[in-house]
Structures are given as C-alpha cells and as structure tokens.
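Here is what each chain is made of, one letter per residue.
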Amino acid sequence: MGLIDRYLLRLLGWPLAGCLGLTVVALLLERVLRLLDLLSQSAARFDYVTQLALNLLPHYLGLALPVAFFVALFIVISKLSDGSEIDALLAGGQSLERIAAPFVCIGLALSLFSVAVFGYVQPYSRYAYRAVMHAAVNAGWNGRLSGGAFIDDDGSLMTADSADLAGQRLTRVFIRRPDAAGHEELITAASATLQVSADGKTVTMRLKSGRRIGSDARGNYRSLAFDDLTTEAPLKAAASLLRARGGDERELTLGELLHQARSPNPVVPKATLMAEFYGRLARAAFLPFLPLLAFPLGLAAKRGNRAPGLLLAGVLLLAFQHSLLLGQSLAESGRIASLPAVGLPFLIFTGLAVWLFVGSRTRPGDTPISRLVLAMSAQFRRVLKPFQRKERAA
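Residues numbered from 1 in each chain as written. Predicted model: local features only at pLDDT ≥ 70, side-chain atom pairs only at ≥ 80, totals over all residues. Heavy atoms only, no water.

Looking up the chain in an unreviewed UniProt entry gives the name Permease, with the organism given as Caulobacter endophyticus. Recorded in UniProt for the chain, the comment headed Subcellular location (unreviewed entry) runs: "Cell membrane". (UniProt positions renumbered as here; feature names shortened; annotations may be inferred.)

Asker: Just to check I follow, could you spell out empty space enclosed by the protein for this structure?
Answerer: A complete count under the given rule lists one cavity of 30 Å³ or more for this structure. Space inside the largest cavity adds up to approximately 30 Å³. Lining the largest cavity, in full, are Phe286, Leu293, Leu316, Phe349, Leu352 and Ala353. The element best represented in the lining of the largest cavity is helix H9 (residues 338–359), accounting for three residues. (1 Å grid on protein atoms, 1.4 Å probe; cavity = no way out; pocket = protein on both sides within 12 Å on 5 of 7 lines; lining within 4 Å. Points joined across faces, edges and corners; volume = space filled by probe spheres on them. Helix = DSSP H or I, 4+ residues; strand = E, 2+ residues; numbered from the N terminus.)

Asker: What is the right way to look at the pattern of salt bridges in this model?
Answerer: Oppositely charged side chains can pair when the atoms bearing their charge come close. If you walk through the whole model with that rule in mind, you get twelve salt bridges. Notably, a salt bridge pairs Arg34 with Glu30, separated by 3.0 Å at the nearest N-O pair. Of this pair, Arg34 and Glu30 both sit in helix H1 (residues 3–38), four residues apart, which is roughly one turn of that helix. Note on Arg34: relative accessible area 46%, which makes it partly exposed. Classification of Glu30 as partly exposed rests on a relative accessible area of 40%. Notably, a salt bridge pairs Lys208 with Asp228, separated by 2.9 Å at the nearest N-O pair. (Salt bridge = Lys/Arg side-chain N within 4 Å of Asp/Glu carboxyl O. Buried < 20%, exposed > 50% of the residue type's maximum accessible area, 1.4 Å probe, protein only.)

Asker: In this structure, what is going on with the pairing of strand S4 (residues 184–196)? I would like to understand it.
Answerer: Strand residues, when the strand is regular, have side chains that alternate between the two faces of the sheet. By the bridge criterion, nine bridges tie strand S3 (residues 169–178) to S4 in an arrangement that is antiparallel. When the sheet's bridge partners are listed, Leu170 is paired in S4 with Ala192. Hairpin connection from S3 to S4: five residues lie between these consecutive antiparallel strands, with Gly182 at a positive phi of about 90 degrees. One ladder, built from ten bridges, connects S4 with strand S5 (residues 202–215); its direction is antiparallel. What sits directly across from Thr188, in S5, is Arg211. (Pairing = 2+ DSSP bridges.)

Asker: Mind showing me how you'd approach the packing of helix H5 (residues 254–262) against helix H6 (residues 270–285) here?
Answerer: Relative placement of two packed helices is described by the angle separating their axes and the distance separating the axes. Between H5 and H6, the least distance of the axes is 9 Å, while the angle of their chain directions is 150 degrees. Between H5 and H6, the crossing angle belongs to the class labelled roughly antiparallel. Relative to H6, H5 is oriented so that their crossing is left-handed. Each of Leu254, Leu257, Leu258, Gln260 and Ala261 in H5 lies in contact with H6, whose residues at this interface are Lys270, Leu273, Met274, Glu276, Phe277, Arg280 and Leu281. Taken together, the residues that form the contact of H5 with H6 break down as eight nonpolar, one polar and three charged. (Axes fitted to C-alpha atoms, helices over the stretch in contact; angles between N-to-C directions. Parallel < 35°, antiparallel > 145°, perpendicular 65-115°, else oblique. Left-handed = near helix turned anticlockwise from the far one by under 90°. Contact = heavy atoms within 4.5 Å. Nonpolar A, V, L, I, M, F, W, Y, C, P; charged D, E, K, R; others polar.)

Asker: What is the right way to read the packing of aromatic side chains from this model?
Answerer: Aromatic ring pairs: the centre-centre distance and the angle between the two ring planes describe each pair. All told, the structure shown has seven aromatic pairs when counted by the stated rule. With centroids separated by 5.6 Å and ring planes inclined at 70 degrees, the aromatic side chains of Phe277 and Tyr278 adopt a geometry described as edge-to-face. In this structure Tyr278 comes out as partly exposed when scored by relative accessible area, which is 24%. Three or more aromatic residues joined by ring pairs make a cluster, and in this case those are Phe103, Phe295 and Phe357. Lying over the aromatic face of Tyr124, Arg245 brings its terminal NZ or CZ to 4.1 Å of the ring centre. (Phe/Tyr/Trp six-rings, centres within 6.5 Å; stacked < 30°, edge-to-face > 60°. Lys NZ or Arg CZ within 6 Å of the ring centre and 35° of its normal.)

Right, here's the structure in full:
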C-alpha cells in the first residue's frame, strides 16, 4: 500500500465511523422511544428495552452501512476536489481508477462484513428480538400505572385519570374485574396507592373514598361505599417463546436458506427462500460499486453545490433498496424467477455506477448526472434568491 493509499484511507476513516455511528444511534433512539411507549406497563420494561435495542443493532447496522459509506465517500471526495488534490494527483500521472482503488478495496471489505451481518448475525438477532418482545408483551402488568393509561390483564381493566412519576399514587381510579365467584364487579375510588410485593408476584392496592358494585349469587346487584379498601391483584410471569427459530425466512442464515430450498418440504416456499438469499447477497455486493457512484457526484459537487448531489444519491440508494424489495415480492408471488427478479435491479444500478465512473475518467465531474446536479443547484439558487434579497433588505 502506497503513501497515497494510506492518506486516502486515513481521510475516509473518521467520516465513515462518524456517519455510521450517528445513523445507527439515530435509528435506535427512535425505535427505543417507541418500545418504551409500547412496553410502558410491562414488568421490567427497561431490561426488556435494553435487550431489544441490542438485538436491533445488527439490523440497523446493516441498513446504515451503505448510507454511511456513501456519505463518507462523498465528504472525502468533495474535500479532495475543493482542495484541488485530485487535480494534482491527475496531473502527476495518477489515473482516476488508481485514486478510486483504495475506496473500492474498503467497499470489498465492507461487503464481506455485510455478508456476515446480513447472512449470519441478523437471523439470530431477529429471532432473539422476537423472543424478547414475546416475553415482554406477555409479561403482564408491572404494578405501576401511568395517568390516562389502561391496564387490560386477564380480563381485569384498570385506569386512572392521573398518577405520580412512579405510577403508584393514582387519582380518580376505575377498576373492572371478576370477583372470587367469577362475577363482574366495578370499583371506583378518589385515590389509590399501589405497592408491589417483595417477590414481585402480587400488587397491593389501597383505595380511598370509593364505591364497589357487584352482584351476589342470585344475580342481585349490591353497592358498597367505602372510605378505605385494600385488595390484591396477581402479577403473572413472562411467557416463553412457543416456537423454535426458523419459522420465517428472515430468521435463517445463508446456509440454512440454501438447505431449506433444497429440502423437499421447506418451512416456507422455495421462491421466498431464494429471493431472500439473493437479496442479501445483492445488498452486500453493491457496496464496492458505491465509490464508482460517489466519485462523479463528489467531483461535480463544488462549494455550495453539495446538497443536490447528496439528494440525488439518496434517491438512487432508496430506489435501489425498494427495487430489491419489489423484486423479492415479485419472486415470492411466483411472477418472476428469484434470480432475475433480484439480479435485474442490481445490474441496473451497478451498471449505472460503472457508466458514470467511466464517463468521468477523461473529464472528472462532467457526466450527465453532474450536469443534472449543476442544474439542480442553479434552480435551488433561483428559488432562494428572493428570500436572500428580503433578508438583506431587512
């Protein structure tokens, strides 16, 4: 590895790590907030959310890797272009292919990493996520209640208008539950205090200033006003997962997908298995072609013209992802064979990347895409010009 290669790779290192870390953290934070809301009434919800977030990490790492790699490439190439370093390298006899070679090598390494993540880590983490979610959803009530929330546990319904931060001091409480004889009873109270037992199996509810309405053995309703009523409710333990891993094609590794596809009685249709297999390989194999796409766009993105290039790149990456999903859906429905359904979008986008890069060899940055980027930049400036005039006038 030459001095130029080490210099280029050193430039790529921090932007790649930063973009990948920020993207994964942003995706995880958004999901964690939704999980906290979903599991707000489950026992040990924070332990469950931590486990779920850890199991989601391989999934979001695989999603973020192409985006982070491309953004890092775009930043580095734009920086080299702005500093005229690429012009100097070209003038010194280095070809554009030689400059792009270390970035393509990084893409190959990331492609192998992506095969490991998509092919072997994600299936296990996806199953583990579902197992933890199953346990969390079936863990029952945790003995705490948020204001305005509803607890529906084994036929018992409970809600309160407001609660403290701990969820154990409630006001204006309503409870509907079966009594010891199995008849429905209603309890209302002005306030209530909840306390979970030391073993975590029951919660004691001390109700103040309320009314208890039920029916006796003859079906006659009875009403009891009380100043202080203490009652208990059981807390059930988490249920175990009912099935083994492999009930879904996304829970199978690459080797297991091929094994099931060759089996006479696969767990899911063969077309679905092969579409998933080719889809994972296509996502990994696309990474070495990203530098070929980033160079034409990065060289065309001079100072002040970077936003259109990034926007266009984002559209292309999204189009590639959704075209793969469409191809997999068509293959699963039996309309198209699995290999052409997934291979055609892959060939189209890799061919586009190669065509743009080859067109940039003689005149770097001057391609149909770069001219589109410049036209978009000019249009953006035209749209923003009236607003800039108003700011200067103010």
